[in-house]
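Descriptive structure summary
The residues making up each chain are set out below.
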Amino acid sequence: MHLTPQRNAARVLRSGVAARSRGRGVYCMAVLPSFTLTHQWVRELRRWHPGVLAAVHIKIPDDEMVLVGHYNAEPQHVTAARAIGIIRDVADPRGYEIFVPRAITPAEVRHVRQVPQGLGWRYQPNAHGTRPCSCCIQRGTPAAGRDRRRYPYDPPRPTKPQLMAKLQVAQTAEEIIDVLWDLGARSRGDAEKLAYLVDHPDEEVREVLYEVLSSYRGQLARDLRVKLSESIPTHQ
């Protein structure tokens, strides 16, 4: 089971899932008897992906090699069947994940379904009652302002000029997307500096740009979103 923004549902059914998760391929979670554990990553991923998430159920060969492990440990390279067995057998499967080191084809997508958006944990599986990591507190989450005041950032967040400089040297779609999310979390102006990305050949870059520009002020940002909506099938 792979989680993706709901707006990507039609594209996933049409084109499959691109292999972009942290350079390891396609992030997945084993489908477990527990619905909550199967979808445990929903709350955590929603901190980084605004909007509603959907679950993409996929099927790959049992003997295909994948990566499996806890998110803060070195993963194992095993077959897909073995990866599911490892997660099913572990005492506490929270924080475990699987990466398929390639794109998922449309034929391997079984269905896309909506899921409750409050499932799972945030920050880390046992975060409740512990000091939150300030650099992980995203704007818009409950009590985010209060937690930032109580637990100020250790390293300073990158400034807008630093983010724009990083964007200018970004080579891959994944690098561009990472910077765009950071800009969307803190920037409200200068949409003209992102206008060159409206015609980017990567559809996901255009989709993220469409979402990020919703946090920008001004007529230009609105005009760019209109132009982007004409080139993104899910917004037409």
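So, a few notes on the structure that sits alongside this text. (Residues numbered from 1 in each chain as written. Predicted model: local features only at pLDDT ≥ 70, side-chain atom pairs only at ≥ 80, totals over all residues. Heavy atoms only, no water.)

Details of the packing of helix α8 (residues 203-212) against helix α9 (residues 219-229)
For the pair α8 and α9, interaxial distance at closest approach is 9 Å and the crossing angle is 145 degrees. α9 is crossed by α8, and the crossing has left-handed handedness. Contact residues: α8 offers Arg 206, Leu 209, Tyr 210 and Glu 211, while α9 offers Arg 225, Leu 228 and Ser 229. Partitioned by chemical class, the residues of the contact of α8 with α9 number 3 nonpolar, 1 polar and 3 charged. (Axes fitted to C-alpha atoms, helices over the stretch in contact; angles between N-to-C directions. Helix = DSSP H or I, 4+ residues; strand = E, 2+ residues; numbered from the N terminus. Left-handed = near helix turned anticlockwise from the far one by under 90°. Contact = heavy atoms within 4.5 Å. Nonpolar A, V, L, I, M, F, W, Y, C, P; charged D, E, K, R; others polar.)

A look at the packing of aromatic side chains
Inspection of the entire model under this criterion finds 5 aromatic pairs. When the centroid spacing of 5.9 Å and the interplanar angle of 80 degrees are considered together, the rings of Trp 41 and Tyr 71 count as edge-to-face. With Trp 41 in the loop between α2 (35-38) and α3 (42-46) and Tyr 71 in the loop between β4 (65-70) and β5 (76-79), this residue pair connects regions lying 30 residues apart in the sequence. Over the ring of Tyr 210 we find Arg 225; its NZ or CZ atom is 4.0 Å from the centre of that ring. (Phe/Tyr/Trp six-rings, centres within 6.5 Å; stacked < 30°, edge-to-face > 60°. Lys NZ or Arg CZ within 6 Å of the ring centre and 35° of its normal.)

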